[in-house]
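Notes for the structure review
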Protein chains: 2
Amino acid sequence: MNRNVYLSNITLEEAIERFRENINYTEKNSEKINTIDSLDRITHVPIFAEMSSPFYNSSAMDGVATISEKTYGASEKNRIILNENIDFIHVDTGDPIPKEFDSVIMIEDLIKVDETKFQIYKSAVPWQNIRPLGEDIVESQLILSSKHKIRPIDMGALLTGGINELEVYKKISIGIIPTGTEIVEPGSKLKVGDIIEFNSRVFASQIKQWGGVATRYNIVEDNYEKIKEAVVKASQECDMILINAGSSAGREDFTVDVIKELGEVFLHGVAIKPGKPVILGKVNDKPVIGIPGYPVSAYFIMENLVKKIVEDFCGIATVNKKSLKATLARRVMSSLKYHEFVRVKLGYVNEKLVATPLSRGAGQTMSLVNADGVLHVPQNIEGFEEREEVQVELLKSEEEIKNTLVCIGSHDPIIDIIGELMHADNDRCFLSSAHVGSFGGIMALKNYETHIAPIHLLDETTGNYNNAYIEKYLKGKNIALIKLVDRVQGIMVRKENKAKVNQLSDIVDNKLKFVNRQRGSGTRILFDYKLKELNINPRNINGYEREEFTHLAVAAAIANGDVECGLGIYSAAKTMNLEFIPLTHECYDIAIPLEFLELPFVKEFIKVITSDEFKRKLKDLGGYDYKHIGEIIYPQEVIE
Amino acid sequence: MNRNVYLSNITLEEAIERFRENINYTEKNSEKINTIDSLDRITHVPIFAEMSSPFYNSSAMDGVATISEKTYGASEKNRIILNENIDFIHVDTGDPIPKEFDSVIMIEDLIKVDETKFQIYKSAVPWQNIRPLGEDIVESQLILSSKHKIRPIDMGALLTGGINELEVYKKISIGIIPTGTEIVEPGSKLKVGDIIEFNSRVFASQIKQWGGVATRYNIVEDNYEKIKEAVVKASQECDMILINAGSSAGREDFTVDVIKELGEVFLHGVAIKPGKPVILGKVNDKPVIGIPGYPVSAYFIMENLVKKIVEDFCGIATVNKKSLKATLARRVMSSLKYHEFVRVKLGYVNEKLVATPLSRGAGQTMSLVNADGVLHVPQNIEGFEEREEVQVELLKSEEEIKNTLVCIGSHDPIIDIIGELMHADNDRCFLSSAHVGSFGGIMALKNYETHIAPIHLLDETTGNYNNAYIEKYLKGKNIALIKLVDRVQGIMVRKENKAKVNQLSDIVDNKLKFVNRQRGSGTRILFDYKLKELNINPRNINGYEREEFTHLAVAAAIANGDVECGLGIYSAAKTMNLEFIPLTHECYDIAIPLEFLELPFVKEFIKVITSDEFKRKLKDLGGYDYKHIGEIIYPQEVIE
């Protein structure tokens with residue numbers, strides 16, 4: 001007990017092995033249940049039929065049961081008469097065949113003479129139209145092997161084979177203890193510093209999907225004795241315990257020490273990223289796992305470690321996640337020390353599956369929601385090169401990925417609305433977008449990472465939008481521009497600061513706290529262009545270095561009082577109830593390779609943007625001009 | 001009402017279309033639920049965040065929050081001292097950053113001077129190590145589109161985005177009414193003529209898997225008024241009703257007439273096989289479907305028609321079942337009138353996926369349990385030729401099929417035991433067997449349909465087993481024989497008939513009722529050989545024409561009193577508690593192409609048959625000699 005086992009960098013496989021060495025619960029993991037409740041349960045032993053089906057010879061047709069010998073010689077010319085109760089009896093499908101009969105003649109082959117007599121015109125073969133005893137299942141026959149997940153049809157075979165109850169693997173019961181003084185229940189009145197507790201709900205859902213049963217305990221504050229009390233209770237009530245978090249650097253010794261005092265810690269730290277600071281131990285012979293607090297770390301620990309343990313307990317054969325070969329859009333570097341999980345977006349662009357790495361922040365729940373797949377970078381590998389072929393584990397179905405319009409480029413909230421309308425109109429159609437700025441969109445088109453790129457790029461020399469960039473960066477690519485909207489860009493401020501801002505120079509003059517957009521975004525290019533026009537040095541903008549990735553993020557930072565102003569579009573200002581000082585109109589268009597115009601989801605895209613419903617939504621949002629929406633405005637050859 | 005709509009041969013697609021035209025329930029199919037209960041539910045509307053996450057700027061690290069300006073110029077040579085509460089405050093990961101600070105320095109980069117002072121040796125960049133408000137989710141941002149099935153991680157994003165309840169599609173509630181005077185509950189004391197009711201349990205499980213809720217009503221006898229009463233009740237309590245059966249020929253007008261009286265029948269009969277006599281109607285504006293009674297018919301109606309209706313109601317996009325291209329092992333003929341569903345066995349033999357058609361009987365539950373896939377033969381197509389490439393819908397995972405040892409040939413109960421032991425030893429290993437007799441096994445090897453074939457084929461000229469057949473029918477194929485067991489074949493009789501049988505000729509002499517095995521089976525060949533030896537004319541055997549496909553089926557027919565005797569192996573007689581009169585020993589061996597000996601599941605097969613556990617089981621069964629089990633006994637070259 002209490003031996004020092006702080007192993008910071010053991011591999012995932014070793015961790016699972018160490019776990020299996022230390023925990024043994026195969027003896028208490030089966031139970032007897034009713035067959036009618038056995039859907040999706042796993043057989044613990046092979047199941048043999050207890051009775052035959054049918055358990056008597058029965059008629060396979062509606063007709064009469066007869067004695068074949070009495071029918072011999074019947075023909076069209078030599079019809080034979082059969083008498084009821086002497087030569088035949090009536091039978092319906094499924095009726096038993098009495099022992100004295102050996103054949104069934106279908107109703108269609110009988111010619112009625114009177115109420116008790118039939119003529120027949122061909123002889124009956126012995127055993128024709130009879131389902132013999134055991135035709136489907138013979139008593140003692142194997143119905144299901146052990147470790148078989150019971151499907152609906154299996155249940156039918158069990159019941160008809162006389163199996164009314166059977167031995168299955170128990171559903172593992174897992175207690176989840178959320179800990180932390182700062183965490184609060186969803187729906188609580190929130191104050192700054194509170195963190196909404198949701199990991200436990202994600203865990204419980206994962207456990208349910210894997211075939212376990214989760215018990216979620218109340219939140220426990222960061223207090224050694226209270227955590228200990230909760231673990232003792234859970235270890236009496238459950239087969240396994242998850243503690244979340246208390247494995248992060250600030251307070252990790254809390255969880256470790258509680259487990260050490262009550263039982264044993266046999267592992268702390270696994271060489272995966274995100275997810276490293278996991279704790280494996282046992283209390284009362286039950287496994288106890290300390291899960292890190294960051295949701296993405298927690299997710300990967302659950303999927304790659306806890307799931308294996310659940311499968312062991314529940315007799316489930318691990319099924320490898322569906323994976324596909326994809327071409328990597330960008331280089332991915334990773335530490336040699338860790339097995340890293342990189343979230344990626346996937347798209348079939350130009351008939352090739354392309355994987356674009358997403359944000360690697362462990363706190364980014366949405367990056368996981370929006371991810372299409374996970375790229376594993378094994379330990380001792382530095383990463384993968386751009387264009388390299390890699391294997392990607394899918395988070396969505398292959399069919400969904402095949403039917404997804406990939407949209408990488410500048411952000412505008414209307415892209416989400418378009419995606420929603422496409423999917424509502426045709427539920428096999430998806431739009432998946434990544435916000436990397438207009439210039440990022442141009443590069444994604446160049447590398448065949450995306451089908452379309454929404455862009456608004458100002459050419460400083462001409463003051464025109466978009467065309468010049470396509471000509472410069474996508475030469476020879478046959479790119480068309482579909483007109484989307486003209487939108488108003490301006491300065492966003494809270495209502496109380498309205499008086500301080502009339503024009504761009506007021507930001508400097510009134511020393512307003514500003515928030516910028518990221519490099520490569522059309523809005524950043526516009527801002528820099530305007531500053532140059534006014535001869536303002538960016539260094540004099542208070543907050544020029546702070547970057548946000550979307551209009552909404554800028555608007556939220558202003559609304560929250562975090563900063564005083566920023567540049568963005570009218571609809572974002574309106575959404576966050578901000579004042580808006582218009583600066584300029586800009587063209588927000590869709591760049592697309594000509595060859596993609598005929599793709600079904602591109603057609604759906606065009607259908608949606610030219611629909612009255614979408615135009616109504618643009619009108620409600622405000623700040624958009626959509627007169628020419630859906631028109632191809634470039635290149636000239638295509639238009640003519 | 002009551003218009004005559006008996007349409008015997010409408011296509012499946014038309015049937016679904018007709019259904020959609022007649023039923024509209026989109027207005028009552030959503031409900032509000034708590035987010036924490038939303039796993040696997042389908043969003044009814046797009047979901048936008050109600051708050052940002054984080055909703056304040058927070059620290060991404062354990063360390064201190066500071067003012068970046070105060071750190072400018074810090075270097076190894078020019079360390080700067082920071083004072084607590086003036087220049088910095090302590091923060092842990094997740095703690096809020098007060099407005100006066102704009103940067104976080106990690107604990108690792110601080111040099112402690114005293115309790116309230118740190119030295120730093122590099123300057124802090126504004127916004128470093130800070131998670132800005134909305135970094136994960138910005139208020140008003142789209143979290144999930146409509147018609148999205150909620151995954152565990154989605155639940156996390158919803159909760160952190162302030163969504164504690166949401167609008168989802170209702171789970172459709174389906175009432176199931178089992179009808180029939182002959183059907184009884186599982187577990188009832190059975191008498192001849194009873195049929196165990198299990199279809200309703202299969203339906204309920206299917207509905208659960210599709211995301212609906214099933215209510216199973218009590219069995220209703222075949223009585224017009226009682227069925228009517230049950231339908232009225234269900235139409236008040238459920239969104240949809242299934243009646244099973246009452247759509248079969250004998251009594252079909254019962255169900256049809258009840259629906260007609262209470263509402264409307266708009267379709268009767270769909271051009272699919274099995275499954276044809278289905279009824280679509282409505283009562284109280286709720287869909288009512290009459291499902292045929294044969295379990296396989298019912299299954300295909302459920303999967304191909306009812307499922308679509310459930311998906312419509314529940315907002316679920318139909319996902320095509322996973323399918324693969326396979327080579328057809330045998331010609332499949334089908335009526336031009338029907339879209340036929342043919343159950344097939346699948347195996348990767350010689351790196352090619354081969355589909356072998358299985359029994360087409362609609363009452364054969366086990367043929368569905370044992371099937372690996374379904375071959376669709378569309379209407380207006382006569383069938384497919386042997387060797388033709390066809391598309392097969394999978395009933396098992398591709399991985400399972402890839403890891404399956406295909407075993408086609410003669411039947412012996414020990415084959416099931418071997419499969420069970422293989423899977424128990426390695427849960428990624430499966431054995432799938434089809435019983436087509438020894439000669440069928442030889443043909444399956446010839447056509448590359450199987451990995452192995454268990455055979456016991458007597459060469460009448462030499463009295464030897466197996467070799468001769470391989471040499472004759474599998475010339476040039478490089479087939480090896482693995483010794484399995486020598487087993488005793490004999491005559492099985494019930495104990496009370498023991499006195500009547502001492503030798504084969506007694507069957508004729510005492511005019512005993514006999515049951516035979518199918519043509520091509522080794523046992524049949526043996527029987528015919530013995531008859532010839534004794535100069536007995538098969539026509540003098542009472543029951544020579546009646547064929548069963550397995551030893552157990554023969555034994556069951558005898559045990560049941562259905563017939564008096566049959567030929568088979570000792571273990572089958574013992575299982576059914578029969579007397580056994582030994583006739584001969586025979587070699588039951590495994591024929592296998594040499595090239596397959598290195599396949600992992602073949603190695604597992606050898607491992608199992610040579611294990612002590614298997615030998616113990618053979619001993620318990622009795623009648624097997626296993627001295628040389630696992631040895632390669634042919635051809636000579638391989639042995640030497």
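About the thresholds
Residues numbered from 1 in each chain as written. Chains lettered and ligands numbered in written order. Predicted model: local features only at pLDDT ≥ 70, side-chain atom pairs only at ≥ 80, totals over all residues. Heavy atoms only, no water. UniProt positions renumbered as here; feature names shortened; annotations may be inferred. Domains from an automatic or database assignment. Helix = DSSP H or I, 4+ residues; strand = E, 2+ residues; numbered from the N terminus. Expected span 1.5 Å × (residues − 1). Buried < 20%, exposed > 50% of the residue type's maximum accessible area, 1.4 Å probe, protein only. Contact = heavy atoms within 4.5 Å. Pairing = 2+ DSSP bridges. Salt bridge = Lys/Arg side-chain N within 4 Å of Asp/Glu carboxyl O. Phe/Tyr/Trp six-rings, centres within 6.5 Å; stacked < 30°, edge-to-face > 60°. Buried area = accessible area lost by both parts, 1.4 Å probe. Polar contact = N/O pair within 3.5 Å; in protein donor to acceptor, adjacent residues only side chain to side chain. Axes fitted to C-alpha atoms, helices over the stretch in contact; angles between N-to-C directions. Patch = residues over 30% accessible without salt bridge, like charges linked within 9 Å, V, L, I, M, F, W, Y side chains within 5 Å. Areas by Shrake-Rupley, 256 points an atom, 1.4 Å probe, with all protein chains shown as cover. Lys, Arg positive; Asp, Glu negative; His and termini not counted. Charge placed at Lys NZ, Arg CZ, Asp CG, Glu CD. Disulfide = S-S within 2.5 Å.

Per an unreviewed UniProt entry, chain A is named Molybdopterin molybdenumtransferase, and its organism is Clostridium grantii DSM 8605. In UniProt, chain A has this text filed under Sequence similarities (unreviewed entry): "Belongs to the MoeA family."

Turning to the domain arrangement of chain A, a few remarks are in order. Partitioning chain A into structural domains gives domain 1 (12-26 + 172-314), domain 2 (30-53 + 136-169), domain 3 (58-131), domain 4 (320-395) and domain 5 (439-639). Each of domain 1 of chain A and domain 2 of chain A was reduced to a C-alpha centroid, and the two centroids are 35 Å apart.

All right, on to helix α3 (residues 199-210) of chain B then. For α3(B), with 12 residues, the first-to-last C-alpha span of 17 Å sits near the 16 Å given by 1.5 Å per residue. The buried count for α3(B) comes to 9 of 12 residues, which makes it a mostly enclosed element. Regarding α3(B), the residues found buried are B:Asn199, B:Ser200, B:Arg201, B:Val202, B:Phe203, B:Ser205, B:Gln206, B:Ile207 and B:Trp210. As for α3(B), its buried residues are in contact with α2 (152-160) of chain A together with β13 (173-178), β16 (213-216), β17 (240-244), β21 (286-291) and α6 (295-314) of chain B. Looking one or two residues past α3(B), B:Gly211 carries a phi angle of roughly 100 degrees, positive in sign.

Before going further, it helps to spend a moment on the pairing of strand β36 (residues 579-593) of chain B. All names here are of chain B. Strand direction decides the pairing type here: strand β31 (residues 453-455) and β36, joined by 3 bridges, are antiparallel. The partner of Ile-455 across the bridge, within β36, is Asp-589. The pairing of strand β32 (residues 479-493) with β36 spans 13 bridges and is antiparallel. When the sheet's bridge partners are listed, Ile-479 is paired in β36 with Pro-593.

With that out of the way, let us pick up the pattern of salt bridges. A complete count under the given rule lists 88 salt bridges over all chains for this structure. Residue A:Lys321 is joined to A:Glu303 by a salt bridge in which the shortest nitrogen-to-oxygen separation is 2.7 Å. Placement of A:Lys321 in the loop between α6 (295-314) and β22 (323-328) and of A:Glu303 in helix α6 is noted, with a sequence separation of 18 residues between them. Here B:Lys402 and B:Glu398 are joined by a salt bridge, their closest N and O atoms 3.4 Å apart. One end of the pair, B:Lys402, and the other, B:Glu398, are both in helix α8 (residues 398-402), 4 residues apart, so they sit about a helical turn from each other. The class for B:Lys402 is partly exposed, based on a relative accessible area of 44%. Among the charged side chains, a salt-bridge network with shared partners connects A:Glu185, A:Glu197, A:Arg201 and A:Arg216.

Residue and element names in this part refer to chain A. A complete count under the given rule lists 22 aromatic pairs over all chains for this structure. Where Tyr-570 meets Phe-580, the ring centres are 5.4 Å apart and the plane angle is 80 degrees; that geometry is what we call edge-to-face. Of this pair, Tyr-570 sits in helix α15 (residues 570-575) while Phe-580 sits in strand β36 (residues 579-593), placing them 10 residues apart in sequence. With relative accessibility at 29%, the residue Tyr-570 sits in the partly exposed group. Among the aromatic residues, those joined into a ring-pair cluster are Tyr-299, Phe-300 and Phe-341.

Listed by partner, the interface residues are 97 residues for chain A and 98 residues for chain B. Summing both sides of the interface, chain A and chain B together bury roughly 8,700 Å²; the carbon and sulfur share of this comes to 60%. Summed over the shared surface of chain A and chain B, the number is 2 salt bridges. A salt bridge links B:Lys147 to A:Asp427; the shortest N-O distance between them is 3.7 Å. Between chain A and chain B we count 20 residue pairs in polar contact (both at pLDDT 80 or more) in total. If you list the elements that add at least two residues to the side of chain A that touches chain B, you get β11 (142-144), α2, β15 (195-196), α3 (199-210), α7 (365-369), α9 (413-425) and α14 (551-559) of chain A.

Residue and element names in this part refer to chain B. Here 6 strands make up an open sheet; going across it, the order is β16-β13-β17-β21-β20-β18 and the pairing mixed. What marks the edges here is a single partner per strand, and that holds for β16 and β18 (264-268). Within the sheet, the average angular offset between the axes of one strand and its neighbour, ignoring direction, is 20 degrees. Summarising the sheet, strand β20 (residues 279-283) and β21 pair through 5 bridges and their orientation is antiparallel. By the bridge assignment, Lys-282 is partnered in β21 with Pro-287. Taken strand by strand, α6 contacts β13, β17, β20 and β21, and its axis lies near 170 degrees from that of β21.

Moving on: a positive patch on the surface. On the surface, a cluster of positive charge is contributed by A:Lys171, A:Lys208, B:Lys171 and B:Lys208. One can find B:Lys171 in the loop between β12 (165-169) and β13.

This paragraph deals with the state of the cysteines. Here the structure, examined in full by the defined rule, presents 0 disulfides over all chains. Take A:Cys429: it sits in no disulfide, and the sulfur closest to it among the cysteines is that of A:Cys407, at 13 Å.

Take the environment of A:Leu158 next. Residue and element names in this part refer to chain A. For Leu-158, the position within the fold is in helix α2. A relative accessible area of 0% means that Leu-158 is categorised as buried. Remark: the alpha-carbon pair of Leu-158 and Ile-137, spanning 21 residues in sequence, is separated by 9.7 Å. Filtering out sequence-adjacent residues up to four positions away, Leu-158 remains in contact with Thr-35, Ile-47, Ile-143, Leu-144, Ile-150, Ile-163 and Leu-166.

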